[in-house]
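A closer look at the structure
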Amino acid sequence: MYKYILRRVLVFIPMLLIVTVVVFTLASLAPGDPLTGQTLDPNIDPEVLEERREAMGLNDPPHIQYWNWLTEVSQGNLGDSLHYSGRTVEELIISRVPNTIYLAVFSLFITISVGLPIGIYSARKQYTVVDYTATTFGFFGLSMPNFFFALIAIYFFSFQLGWFPPRGTVSSTSLTGFESFIDRLHHLILPGITLGLSSTAIYMRYIRSEVLDVMGSDYIRTARAKGLTERSVLYKHTLRNSLIPIITLMGFEFGTLLSGAVIVESVFSFPGMGQLFLVGIENQDFPLIMGINLIVGVTILAGNLLADILYAVVDPRIRYD
Amino acid sequence: MSNETLLEVEGLKTYFHIEGKVAKAVDGVDFSIDRGETVALVGESGSGKSITSMSIMQLIPSPPGKIEEGAIKLEGKDLLSLSEREMMKVRGNDIGMIFQEPMTSLNPVFTIGEQLAEPMVKHQGMNKKDAKKRAVELLKLVGFPRAEETVKEYPHQLSGGMRQRVMIAMAMSCDPKLLIADEPTTALDVTIQAQILDLMQDVKKKYNSAILIITHDLGVVAETSDRVLVMYGGQIVENASAKDLFTNPKHPYTVGLLNSMPDVADEKERLESIPGTVPPAHNFPDGCRFAPRCKHAMEACTEAVPKLRENEPNHHVRCILYEDQGGEKE
Ligand SMILES: Nc1ncnc2c1ncn2[C@@H]1O[C@H](COP(=O)(O)OP(=O)(O)O)[C@@H](O)[C@H]1O
Ligand SMILES: [Mg+2]
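Nothing here was measured: the structure is a model prediction, and the numbers come from that model.

1. Some remarks on the overall build of chain A
Regarding its fold elements, chain A presents 13 helices and zero strands. When the helices and strands of chain A are read in sequence order from the N terminus, they spell out α-α-α-α-α-α-α-α-α-α-α-α-α. In terms of overall dimensions, chain A has a C-alpha envelope of 85 × 55 × 40 Å along the principal axes. Within chain A, the fraction of its 321 residues that count as buried is 43%. Here the contacts in chain A between residues at least 6 apart in sequence split such that 69% fall between residues at least 24 apart.

2. Some words on the overall build of chain B
Along the backbone of chain B there are ten helices and twelve strands. The C-alpha atoms of chain B give 20 Å as radius of gyration, which agrees with the globular expectation for 330 residues (20 Å, within 12%). Based on the C-alpha atoms only, the size of chain B along its principal axes is roughly 65 × 50 × 45 Å. Expressed as a percentage of the 330 residues in chain B, the buried residues total 54%. In chain B, of all internal contacts separated by at least 6 residues, the share reaching a separation of at least 24 is 63%. Averaging the locations of the 38 positively and 49 negatively charged side chains of chain B gives two centres separated by 6 Å.

3. A look at the pattern of salt bridges
Residues and elements named next belong to chain B. Applying the stated rule across the entire model yields 22 salt bridges over all chains. In this structure, Glu75 engages Arg35 in a salt bridge whose closest nitrogen and oxygen atoms are separated by 3.1 Å. Here Glu75, found in the loop between strand 4 (65-74) and strand 5 (77-78), pairs with Arg35, found in the loop between strand 2 (21-34) and strand 3 (38-42); they are 40 residues apart in sequence, far enough to count as distant. A relative accessible area of 38% means that Arg35 is categorised as partly exposed. By sharing partners, the salt bridges in this structure join Arg35, Glu75, Asp94 and Lys177 into a single network.

4. As for the sheet that holds strand 4 of chain B
Residue and element names in this part refer to chain B. Spatial ordering of the open sheet is given by 2-1-4-5, a layout of four strands whose pairing is antiparallel. Every other strand in the sheet has two partners, leaving strand 2 and strand 5 as the edge strands with one partner each. By the bridge criterion, ten bridges tie strand 1 (residues 5-18) to strand 2 in an arrangement that is antiparallel. Paired with Leu12 across the bridge in strand 2 is Val29.

5. Some remarks on the interface of chain B and chain A
Contacts between the two partners involve 27 residues from chain B, matched on the other side by 21 residues from chain A. For the pair chain B and chain A, the interface holds three salt bridges. When the shortest N-O distance is used, the salt bridge between Arg221 of chain A and Glu101 of chain B registers 2.8 Å. There are 13 residue pairs in polar contact (both at pLDDT 80 or more) connecting chain B and chain A.

6. Examining the packing of aromatic side chains
How two aromatic rings sit relative to each other is given by the distance of their centres and the angle of their planes. Scanning the model with the defined rule gives twelve aromatic pairs over all chains in all. With a centroid separation of 5.9 Å and an interplanar angle of 35°, the aromatic rings of Phe157 of chain A and Trp163 of chain A are classed as tilted. Directly above the aromatic system of Phe99 of chain B lies the positively charged group of Arg221 of chain A, at a separation of 3.9 Å from the ring centroid. Sitting above the plane of the Phe110 of chain B ring, Lys236 of chain A keeps its charged end 5.2 Å from the centroid.

7. Some details on the sheet that holds strand 7 (residues 178-182) of chain B
Strand pairing within a sheet occurs via backbone hydrogen bonds; the two strands may be parallel or antiparallel. Residues and elements named next belong to chain B. Sheet architecture is open: eight strands sit in the order 6-7-8-3-9-10-12-11, paired in mixed fashion. Each edge of the open sheet is held by one strand with a lone partner, namely strand 6 (95-98) and strand 11 (309-312). Sheet twist, expressed as the mean angle between neighbouring strand axes with direction ignored, is 25°. Pairing between strand 11 and strand 12 (residues 315-317): three bridges, direction antiparallel.

8. Quick look at the environment of Arg319 of chain A
Within the secondary structure, Arg319 of chain A sits in helix 13 (residues 316-319). The exposure class of Arg319 of chain A is buried, given its relative accessible area of 17%. Each C-alpha atom of the pair Arg319 of chain A and Met1 of chain A lies 4.8 Å from the other, and the pair is 318 residues apart in sequence. Discounting chain neighbours no more than four positions away, the residues touching Arg319 of chain A are Met1, Ala312, Val313 and Val314 of chain A together with Tyr154 of chain B.

9. Side note on the site of ligand 1
Residues and elements named next belong to chain B. Close to ligand 1 lie Phe16, Ile18, Ala25, Glu44, Ser45, Gly46, Ser47, Gly48, Lys49, Ser50, Ile51 and Ala281, which account for all nearby residues. In this structure, Gly48 approaches ligand 1 through a main-chain N or O atom, which is 3.0 Å from an oxygen atom. Here Lys49 contributes a backbone N or O atom positioned 2.9 Å from an oxygen atom of ligand 1. When ligand 1 sits alone it has 560 Å² of accessible area, and the protein chains cover 70% of it. Elements that contribute at least two residues to the shell around ligand 1 include exactly strand 1 and helix 1 (49-57). Ranked by the residues each element gives to the shell around ligand 1, the list is headed by helix 1, at three residues. For the shell around ligand 1, the per-class residue count stands at five nonpolar, five polar and two charged.

10. Side note on the layout of surface pockets
It is a probe the size of a water molecule, rolled over the atoms, that shows where empty space is left. Its volume calculated, the largest pocket comes out at about 1,200 Å³. Surrounding the largest pocket, 33 residues form its lining, Arg224 of chain A together with Ile60, Pro61, Ser62 and Pro63 of chain B being those nearest its centre. Elements with a contribution of two residues or more to the lining of the largest pocket: helix 5 (89-124), helix 8 (177-215), helix 9 (218-225) and helix 10 (230-267) of chain A together with helix 1 and strand 4 of chain B. At four residues, helix 9 of chain A tops the list of elements feeding residues into the lining of the largest pocket. Split into classes, the residues belonging to the lining of the largest pocket amount to 17 nonpolar, seven polar and nine charged. Size it by volume and the second largest pocket reaches roughly 980 Å³. Lining the second largest pocket are 32 residues, and of these Pro34, Met56, Leu58, Phe286 and Pro287 of chain A sit closest to its centre. Among the secondary structure elements, those contributing two or more residues to the lining of the second largest pocket are helix 1 (2-29), helix 2 (36-39), helix 3 (46-56), helix 4 (62-74) and helix 12 (286-314) of chain A. Ranked by residues supplied to the lining of the second largest pocket, first place goes to helix 4 of chain A with five residues. Its residues assigned to classes, the lining of the second largest pocket comprises 14 nonpolar, 13 polar and five charged. Among the domains, domain 1 (14-74) and domain 2 (98-314) of chain A are the pair contributing at least three residues each to the lining of the second largest pocket.

11. Remarks on a nonpolar patch on the surface
On the surface, Phe147, Phe148, Leu151, Ile152, Tyr155, Phe156, Phe157, Phe159, Leu161, Trp163 and Ile263 of chain A cluster together into a nonpolar patch covering about 1,100 Å² of accessible area. Looking at the secondary structure, you find Trp163 of chain A in the loop between helix 7 (146-160) and helix 8.

12. Quick look at the confidence of the model for chain B
The predicted model of chain B has a mean per-residue pLDDT of 90, with 95% of residues at 70 or higher. Predicted as a complex, the structure gets a pTM of 0.86 and an ipTM equal to 0.90.

13. Overview of the domain arrangement of chain A
Residues and elements named next belong to chain A. In terms of domain boundaries, chain A breaks down into domain 1 (14-74) and domain 2 (98-314). In total, about 960 Å² of surface goes out of reach between domain 1 and domain 2, with carbon and sulfur atoms giving 85% of it. Summed over the shared surface of domain 1 and domain 2, the number is zero salt bridges. There are zero residue pairs in polar contact (both at pLDDT 80 or more) connecting domain 1 and domain 2. Elements with a contribution of two residues or more to the side of domain 1 that touches domain 2: helix 1 and helix 4. Looking at the side of domain 1 that touches domain 2 element by element, the count peaks at seven residues for helix 1.

The rules behind these values
- Residues numbered from 1 in each chain as written.
- Chains lettered and ligands numbered in written order.
- Predicted model: local features only at pLDDT ≥ 70, side-chain atom pairs only at ≥ 80, totals over all residues.
- Heavy atoms only, no water.
- Helix = DSSP H or I, 4+ residues; strand = E, 2+ residues; numbered from the N terminus.
- Buried < 20%, exposed > 50% of the residue type's maximum accessible area, 1.4 Å probe, protein only.
- Contact = heavy atoms within 4.5 Å.
- Rg over C-alpha atoms; globule rule 2.2 N^0.38 Å.
- Lys, Arg positive; Asp, Glu negative; His and termini not counted.
- Charge placed at Lys NZ, Arg CZ, Asp CG, Glu CD.
- Salt bridge = Lys/Arg side-chain N within 4 Å of Asp/Glu carboxyl O.
- Pairing = 2+ DSSP bridges.
- Polar contact = N/O pair within 3.5 Å; in protein donor to acceptor, adjacent residues only side chain to side chain.
- Phe/Tyr/Trp six-rings, centres within 6.5 Å; stacked < 30°, edge-to-face > 60°.
- Lys NZ or Arg CZ within 6 Å of the ring centre and 35° of its normal.
- Axes fitted to C-alpha atoms, helices over the stretch in contact; angles between N-to-C directions.
- Near = heavy atom within 4 Å.
- Areas by Shrake-Rupley, 256 points an atom, 1.4 Å probe, with all protein chains shown as cover.
- Nonpolar A, V, L, I, M, F, W, Y, C, P; charged D, E, K, R; others polar.
- 1 Å grid on protein atoms, 1.4 Å probe; cavity = no way out; pocket = protein on both sides within 12 Å on 5 of 7 lines; lining within 4 Å.
- Points joined across faces, edges and corners; volume = space filled by probe spheres on them.
- Domains from an automatic or database assignment.
- Patch = residues over 30% accessible without salt bridge, like charges linked within 9 Å, V, L, I, M, F, W, Y side chains within 5 Å.
- pLDDT = per-residue confidence, 0-100.
- Buried area = accessible area lost by both parts, 1.4 Å probe.

In structure tokens, the structure reads:
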């Protein structure tokens, strides 16, 4: 197993470098450069701008620029934000990361605690009312765009029913301890459900078909022929196998959650990384955009690495390769 | 019923209901197995052998399958009248079963030891530690020299033949009265096949259990069985001692099967296969189900399904060629 993990980690390193190249290239391909916004300002002398360009290294050949950027990044310096003057990108990101993590974790929790049990139940009671209802909700969850669901949810549950706050992460900063936790949770519910909706539907459908597949396999027939109870056939022999592909799905989940967060956070005015990213785009804050892209890219890679390792933990066929 | 009778199957009908059609996979099957007896169930693919065995275990996928009629008596007790909970105590305990597909019949994510221990924990109330110890002994018995390590291994680390040995060990772990083996060697190499058959004979001698071996290979029958049931179109068409069947086959289908059997002594001889194919279970012909493929078919054959009659002592056959000879069964 250690050999397998070592191999995965060794693949991870070049992938990481590729991510930095992609992030850098995307930023360079975008029209303009960090100072473009200021060329329109008649009060700034173009010559001064040109000097600043030279000083910032913007006139260097691309590979030199990349190398300089990479050197900085590898030391944890993501540069200064252009829009939020006086603040570094890493500072900004660190201030927003916790909110996005809460949101992602909460939404993943919903996905797993709702999607998996319903999917498993659906498989066991195939073609019953519950199964059909779950299937219908599944298609609904998959086809409904995030922002649209968010708007409906805000309209009904915030404005009409007043059950949940429509925006923000806290209602008052003076709350402490358990009350503050409940308050945060209260704010997480609508954006969390919105963000987790499509994944919940996907997990539900996926585990349903996996369970059905495994239930029909020869080793489940063997388990039954041994006289095991239906419980142990399902929870021991079937689930252990059905969950293996779900782990791969979880590896991709990091990317799904982070990209979904961009939209969900802005609809719910939820101050996380996604919202910060949109601010960066609107203001052509190149260092900020590159910083967030880099973090997202690394997170997705790390998610896949984690999934690969978990895969080996649960599947002996991979472990002993 | 004599004291020696272990299993009695009477008028068993197992149907599959699919899209308004009824597939009569098993359509009125009667036979019995004595204690310690090895009985072969033979017939071409699709004749209902597996469904017969799965009916005995009550592991028919339902829906669409359903045991419609009949009785399956183990030591006089009708298994079909048991609750699912009671039936679980029969499976793996009174009746062990092994299957055709050794490569896929073991759960890939559990060790051999864990899987072997399960029935003993379930049926014999052993604790896990004792069951694991017993698993090592069982593995040694079925021919694993380094059984202490094998229990810690996973199925994918073993070859097909080795996995079938594990299946046999598992099926025998609770000392069953009956071992059902559904084509246990079909998926294996010829050399391994012989080893597995030998092993089954050894195990049988040691435990004195009865065996129902399902196969479409008459070579296997010749090597293992006391008695043979020939199955066609969901019915038994001939039931005789192995010796009788090979020397004095009666049903034209049995004769056809024997003629299509490769002769080891004379490999060059051209095999004479039975023309045509097994009819689908949802669309059997009227009358004798074999008639459309039978050399001796006559008009009367298509009128009614012939009865299974005892044509000679302990030799039953379902064919009108023999209807005027011998007495009717029972
Ligand atoms: N799951 C099933 N659904 C529908 N029909 C089935 C199913 N399993 C078996 N059958 C029917 O039962 C017949 C007998 O099958 P089977 O007992 O597996 O044959 P054998 O083991 O002799 O090759 C098949 O021809 C098929 O039509
Ligand atoms: Mg079969």
